[in-house]
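Structural features, examined
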Amino acid sequence: MKLSDYEYTLPKELIAQVPAAQRDQSRLLALNRRSGEIAHRRFGDLVSYLNEGDALVLNETKVFPARLLGEKEGTGARVEVFLLRKRDEFTWETLVRPGRRIPVGTRLSFGGGRLRCGVTACTEAGGRVVRFEETDGSFEDALADIGKMPLPPYIHREAEDSDVQRYQTVYANKSGAVAAPTAGLHFTPELLDRIREKGVSIVPILLHVGIGTFRPVTAPDPRDHPMESEYYEVGEAAATRISRIKASGGRIVAVGTTVVRTLEPMAKDCGRVKSGA
């Protein structure tokens, strides 16, 4: 297996930089795996590909505004801090830019001083551990006001106010992801209602998308690519429903790769899905 095996041409002008006006009007390519026929549809047509008795499994993670733009206290030099993983109430593992100019002991300020932190350690991956000072009000409220949504690297523009809502699935429920499970961005509440009305079960699970989704694969053999860990949960109720539907002949339709990579390690040899986190 070689990384070059996966090379293909994707013209830049075909990579949408803004979302469709309506979520379910995004384009959908449907491949018939038996005949090889390709059909060009709209995402709202997805309901016609689902059958009564199937299960549609969704990732209910919620993206938080993990990107902070600020300055070094004392010099005013601009810095960027990307929050990755929360260690405790005030301590986070982060990525920082410019890394070489932010050694341990540096003090950083964001939002005109609304959030302040100190760099306490370096991580093995070259990031920084920072500890925030207590703020007036909650840390989450301050982050919501001054943090920015971390758009994917193929979106070549700054995040706008509208992205806070559009770069989030309509069923996002539990905050913790640094990127959206993008396959689910095209669902609307109305489309989900139509799917339920057809007799399809909608089952939520959780995987907080991590920084690994932004890291490019550079190893000549992709099997040598270091993978970042991610937090997931498959509840007892979800595992039971998925297993029952599978046993009764229904299809398990995973919405995106985040759902696939959560279910795969939780599936037993007999085809049943176990619960766990």
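You'll find the structure just up there.
As the structure is a computational prediction, the values presented were derived from the model and not from experiment.

Things to note about the overall build of the protein chain
- A tally of helices and strands in the protein chain yields five helices and 14 strands.
- Taken along its principal axes, the extent of the C-alpha atoms in the protein chain is 65 × 45 × 40 Å.
- Relative to its full complement of 277 residues, the protein chain shows a buried share of 39%.
- Long-range contacts, defined here as pairs at least 24 residues apart, represent 63% of the contacts in the protein chain between residues at least 6 apart.

A closer look at the sheet that holds strand 5 (residues 67–72)
- The strand order around the closed barrel formed by six strands is 5-6-7-10-9-8, and the pairing between neighbours is antiparallel. Averaged over all pairs of adjacent strands, the angle between their axes in this sheet comes to 45°, without regard to strand direction.
- Note that strand 7 (residues 91–97) and strand 10 (residues 128–132) share four bridges and pair antiparallel. When the bridges of strand 10 are listed, W92 appears paired with V130.
- The strands that helix 1 (residues 139–146) touches are strand 5, strand 6 (78–86), strand 7, strand 8 (107–110), strand 9 (115–122) and strand 10; relative to strand 9, the one it contacts most, it runs at about 100°.

Quick look at unusual backbone geometry
- Each neighbour pair has its own omega, and for R97 with P98 the value is -5°, a cis peptide bond.
- Inspection of the secondary structure puts P98 in the loop between strand 7 and strand 8.

As for helix 1
- Restricting attention to buried positions, one finds in helix 1 the residues F139, A142 and L143. Take helix 1 and look down its axis: the buried residues cluster within an arc of 100°, on one side only. Exposed positions of helix 1 whose direction lies more than 90 degrees from the buried face are A144 and D145.
- Where the residues of helix 1 are buried, they touch strand 5, strand 6, strand 7, strand 9 and strand 10.

Looking at the nonpolar core
- Of all hydrophobic cores here, the largest spans 35 residues; its most connected members are L68, L83, L108, F110 and F132.
- Of all the secondary structure elements, the ones that give two or more residues to this core are strand 6, strand 7, strand 8, strand 9, strand 10 and helix 1.
- Looking at this core element by element, the count peaks at four residues for strand 6.
- Those residues in contact with L108, other than ones at most four positions away along the chain, are E71, K72, E73, V79, V81, I102, L115, R116, C117 and V119.
- Membership of the second largest hydrophobic core comes to 15 residues, among which are F43, L50, L58 and L192.

What counts and how
Residues numbered from 1 in each chain as written. Predicted model: local features only at pLDDT ≥ 70, side-chain atom pairs only at ≥ 80, totals over all residues. Heavy atoms only, no water. Helix = DSSP H or I, 4+ residues; strand = E, 2+ residues; numbered from the N terminus. Buried < 20%, exposed > 50% of the residue type's maximum accessible area, 1.4 Å probe, protein only. Contact = heavy atoms within 4.5 Å. Pairing = 2+ DSSP bridges. Axes fitted to C-alpha atoms, helices over the stretch in contact; angles between N-to-C directions. Arc of directions from axis to C-beta. Core = buried A, V, L, I, M, F, W, Y, C linked by side-chain atoms within 4.5 Å.

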